[in-house]
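Here are the chains, one letter per residue:
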Amino acid sequence: MAAPMSWRRLVCSVYAPAVSGVITRMSDRLFRTRDRRQGSSVLLLAPLLAEADPLSTTSQPRSQVTAGTEGLHHRFRWIADHVPAFRVPGHRVRVLRTPDEFFQVMKARIRTAKKRVVMASLYLGTGPLEQELVDCIEEALVRSRKESLTSDFKVSILLDYTRGSRGKRNSRTMLLPLLKGFPGQLRVALYHTPDLRGLLRLLVPERFNETIGVQHIKAYLFDDDLLISGANLSDSYFTNRQDRYVLLQGCREVADFFAELVGAVADSSLQLQPDDGARMQEGRVHPYKGDRTEFAAAARQRVMGVMNSARARQRLEATAAQEGEGAGEGTAAGPGRGDTWVFPLVQMKPLGISLDEQVTKRLLTEAGGDCRIYLTSGYFNLTRAYVQLLLGAAADYRILLASPEVNGFFGAKGVAGSIPAAYVHIARQFYSRVCRLGQQERIRLHEYHQRNWTFHAKGLWYYLQGSDKPCLTLVGSPNFGYRSVHRDLEAQIAIVTENKELQAQLQQEQEMLYQRSTEVSSSTFEQPNRYVKLWVKLVTPFIKNFF
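Conventions we followed
- Residues numbered from 1 in each chain as written.
- Predicted model: local features only at pLDDT ≥ 70, side-chain atom pairs only at ≥ 80, totals over all residues.
- Heavy atoms only, no water.
- Helix = DSSP H or I, 4+ residues; strand = E, 2+ residues; numbered from the N terminus.
- Buried < 20%, exposed > 50% of the residue type's maximum accessible area, 1.4 Å probe, protein only.
- Contact = heavy atoms within 4.5 Å.
- Areas by Shrake-Rupley, 256 points an atom, 1.4 Å probe, with all protein chains shown as cover.
- 1 Å grid on protein atoms, 1.4 Å probe; cavity = no way out; pocket = protein on both sides within 12 Å on 5 of 7 lines; lining within 4 Å.
- Points joined across faces, edges and corners; volume = space filled by probe spheres on them.
- Nonpolar A, V, L, I, M, F, W, Y, C, P; charged D, E, K, R; others polar.
- Axes fitted to C-alpha atoms, helices over the stretch in contact; angles between N-to-C directions.
- Parallel < 35°, antiparallel > 145°, perpendicular 65-115°, else oblique.
- Left-handed = near helix turned anticlockwise from the far one by under 90°.
- Pairing = 2+ DSSP bridges.
- Salt bridge = Lys/Arg side-chain N within 4 Å of Asp/Glu carboxyl O.
- Patch = residues over 30% accessible without salt bridge, like charges linked within 9 Å, V, L, I, M, F, W, Y side chains within 5 Å.
- Lys, Arg positive; Asp, Glu negative; His and termini not counted.
- Polar contact = N/O pair within 3.5 Å; in protein donor to acceptor, adjacent residues only side chain to side chain.

Trainee: Can you walk me through the overall build of the chain in this structure?
Mentor: For the chain, the count of helices and strands is 18 helices and 21 strands. Put simply, the chain has 547 residues, and 58% of those count as buried. In the chain, the share of contacts with a sequence separation of at least 24, taken over all contacts with a separation of at least 6, comes to 83%. Put simply, the chain shows about 21,800 Å² of open surface, and 52% of that area lies on carbon and sulfur atoms.

And the structure:
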């Protein structure tokens, strides 16, 4: 027991202080430079979000707009100060409900893809269900060859190096046959955090090296369809591990953006070779052998280049649309066009990018007494900043977290098996603080229960006063914890919608998750399965930033 604890202390003492300072300085320089260069993007998105939209000469029928949402576009227009905004018809957004539906949709979309499949995940599992997914990719590649000798059908897969290389049979070995058979059509990129290097890389065991930082984005793209989720490509995520999944169908601009985003990270990653080797592209800075600052700067430039290019294109399109309408050249649009906005939020603190954190903080800060927020995290370990904002906000919060039995680490061997207890300790500390402040009516905790399942859902649903359906949701990979903010590469989308049908889907999703929960009270922590050993309580403050 002592050995695993000692390496954790080493990680904390060697890694955290040095890297956090570097990250903070890089992030500050990045945003000061970006703000001076670009200025505010309110002018860019104002035409897109205005009630009299210059991109559409057909007004949306009043019956399709949920009552009480007047001014909704004005309330969240500020998000466009940070990231691009994509306008889509709400009827093209579909909320999936179950792991099996997630799995079946992916297989079906891969089989019918004509030009591209792009998949970003922490890892690809090695079981029969994962093999089914690989077989679907192979079928698509074979079909594309039969249809044309010069097929431009491409498959790009981005995984994390450390998690994808664990064990003799791993994500890499699952994909090697495809890489050998289709070298010109398949790309497998393995992102390696620049923070796992030198002595630290030598000392941290394989099972725990991913605690330093990973590629955590979960985005699955098939032609012009984007499936954004927090779920990985592994059998439990296809069967009995509850997550969230939103499918955007036929949204080419959003799909193009995520293809470019994943491509930018892949360009900064090691490339898997047919002999199972992994090497950087020529001229790229190596993530752990090269200079850390140079690697982070180059990777940041590629990722921010995608963000900035998207915003620049939208600026030009908005200007052209305004001029065209002024000259009487506006184009007609179908009913429902433009009732939903999609904002991609990216968090890559090791590279100096903290856009998701900025937007999330402001959402929590500006949620007034007229708002109600449902927030969920499979690993409830909020950052100190998020805790302060929640405690100081006026909105009502309903926070859903995993009960110990549905925690992903429940029943794990060794020290990892005590992680659910550490989460219980963290939840109890938070609940006690809420009670001391007399806010237990405004901030309520709920625990998710489902027999023989685990819980991995994350995100939030945002309700305005008088509305029984959410007008905004966050969905993607972040957990609102220290790792999501500071260590890993994350991406999610903020969906702001006035579409009644889409709001109903989001409401049904929220209800499905919360109906399988019980509200936390002081007696909850007195139950036998909430007992936390003294050593776990003592160690948790030192290790909680690593899980």
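Trainee: Whenever I open this one, the layout of surface pockets confuses me. Can you help?
Mentor: Size it by volume and the largest pocket reaches roughly 960 Å³. What lines the largest pocket is a set of 38 residues, among which Arg163, Glu210, Arg241, Tyr379 and Phe409 lie closest to the centre. For the lining of the largest pocket, the elements supplying multiple residues, two or more each, are helix 10 (235–239), helix 15 (419–436) and helix 16 (482–487). Considered class by class, the residues forming the lining of the largest pocket number 14 nonpolar, twelve polar and twelve charged. Size it by volume and the second largest pocket reaches roughly 710 Å³. As for the second largest pocket, its lining consists of 28 residues, and the residues nearest its centre are Leu382, Thr383, Arg384, Lys544 and Asn545. Those elements that provide at least two residues to the lining of the second largest pocket are helix 13 (355–366), helix 14 (384–392), helix 15, helix 16 and helix 18 (534–543). Per-element accounting of the lining of the second largest pocket gives the leading share, six residues, to helix 15. Partitioned by chemical class, the residues of the lining of the second largest pocket number 13 nonpolar, seven polar and eight charged.

Trainee: Which parts of the structure should I look at to understand the packing of helix 5 (residues 99–112) against helix 6 (residues 128–147)?
Mentor: Two measures define how a pair of helices packs: the angle their axes make with one another and the distance between the axes. Between helix 5 and helix 6, whose axes approach to 8 Å, the crossing angle comes to 15 degrees. Taken together, helix 5 and helix 6 sit at an angle that is classed as roughly parallel. Crossing hand, helix 5 versus helix 6: right-handed. Counting all contacts with helix 5, which are made through Phe103, Met106, Lys107, Ile110, Arg111 and Thr112, the residues of helix 6 involved are Leu129, Glu132, Leu133, Cys136, Ile137, Glu139, Ala140 and Arg143. Of the residues belonging to the contact of helix 5 with helix 6, the class tally is eight nonpolar, one polar and five charged.

Trainee: How should the sheet that holds strand 3 (residues 116–120) be read in this particular structure?
Mentor: Whether parallel or antiparallel, the strands of a sheet pair through hydrogen bonds between backbone atoms. Overall, mixed pairing links the nine strands, which are arranged 2-9-7-6-3-4-5-10-11 in an open sheet. Looking at which strands have only one partner, the edges of the open sheet turn out to be strand 2 (93–96) and strand 11 (278–279).

Trainee: I would appreciate a short explanation of the pattern of salt bridges in the present structure.
Mentor: One side chain can pair with another of opposite charge once the charged atoms of both are near each other. Overall, the coordinates contain 27 salt bridges when judged by the stated rule. Glu366 is paired through a salt bridge with Arg362; the nearest N and O atoms lie 2.7 Å apart. Within this pair, Glu366 and its partner Arg362 are both found in helix 13, separated by four residues, close to a single helical turn. It is possible to trace a salt-bridge network through shared partners that takes in Lys115, Arg116, Asp224, Arg252 and Asp256.

Trainee: Looking at this structure, how should I read the environment of Met512?
Mentor: Residue position: Met512 is located in helix 17 (residues 500–514). In this structure the C-alpha to C-alpha distance between Met512 and Arg97, which are 415 residues apart in sequence, comes to 8.5 Å. Those residues within four positions of Met512 in sequence are excluded, and the remaining contacts are Arg97 and Gln242.

Trainee: Is there a simple way to explain a nonpolar patch on the surface in this structure?
Mentor: Together, Leu199, Leu202 and Leu203 give the surface a local cluster of nonpolar side chains, amounting to about 350 Å² of exposed area. Taking relative accessible area as the criterion, Leu203 reaches 44% and is therefore assigned partly exposed.

Trainee: Got a minute to help me understand the pairing of strand 9 (residues 245–248) in this structure?
Mentor: Along a regular strand, successive side chains alternate from one face of the sheet to the other. Here strand 9 shows a buried face lined by Tyr245 and Leu247 and a second buried face lined by Val246 and Leu248. Bridging between strand 7 (residues 225–229) and strand 9 involves four bridges; their strand directions are antiparallel. Each residue of the ladder has a partner; that of Ile228, found in strand 9, is Val246.

Trainee: Is there a simple way to explain the environment of Asn209 in this structure?
Mentor: Relative to the elements of secondary structure, Asn209 occurs in the loop between helix 9 (198–203) and strand 6 (219–222). Excluding residues that lie within four positions of it along the chain, Asn209 makes contacts with Thr162, Leu196 and Val204.

Trainee: Is there a simple way to explain the pairing of strand 18 (residues 459–464) in this structure?
Mentor: In terms of burial, strand 18 is largely enclosed, as six of its six residues are buried. By the alternation rule, side chains of strand 18 split into Gly459, Trp461 and Tyr463 and Leu460, Tyr462 and Leu464, which are all buried. As paired elements, strand 14 (residues 371–377) and strand 18 share six bridges and run antiparallel to each other. Its bridge partner being in strand 18, Arg372 is matched across the sheet by Tyr463. As judged from the three bridges shared by strand 18 and strand 19 (residues 472–476), these two strands associate in the antiparallel manner. Each bridged residue has a counterpart across the sheet, and for Leu460 the counterpart in strand 19 is Leu474.

Trainee: Just checking my understanding: could you explain the side chain of Asp339 for this structure?
Mentor: Take Asp339: it is sitting in the loop between helix 12 (292–326) and strand 12 (340–348). Buried Asp339, no salt bridge; nearest opposite-charge side chain is Arg87, N-O distance 7.1 Å. Here Asn499 takes part through its side chain, which lies 2.8 Å from a polar atom of the side chain of Asp339.

By themselves, these are just geometric observations and shouldn't be taken as functional.
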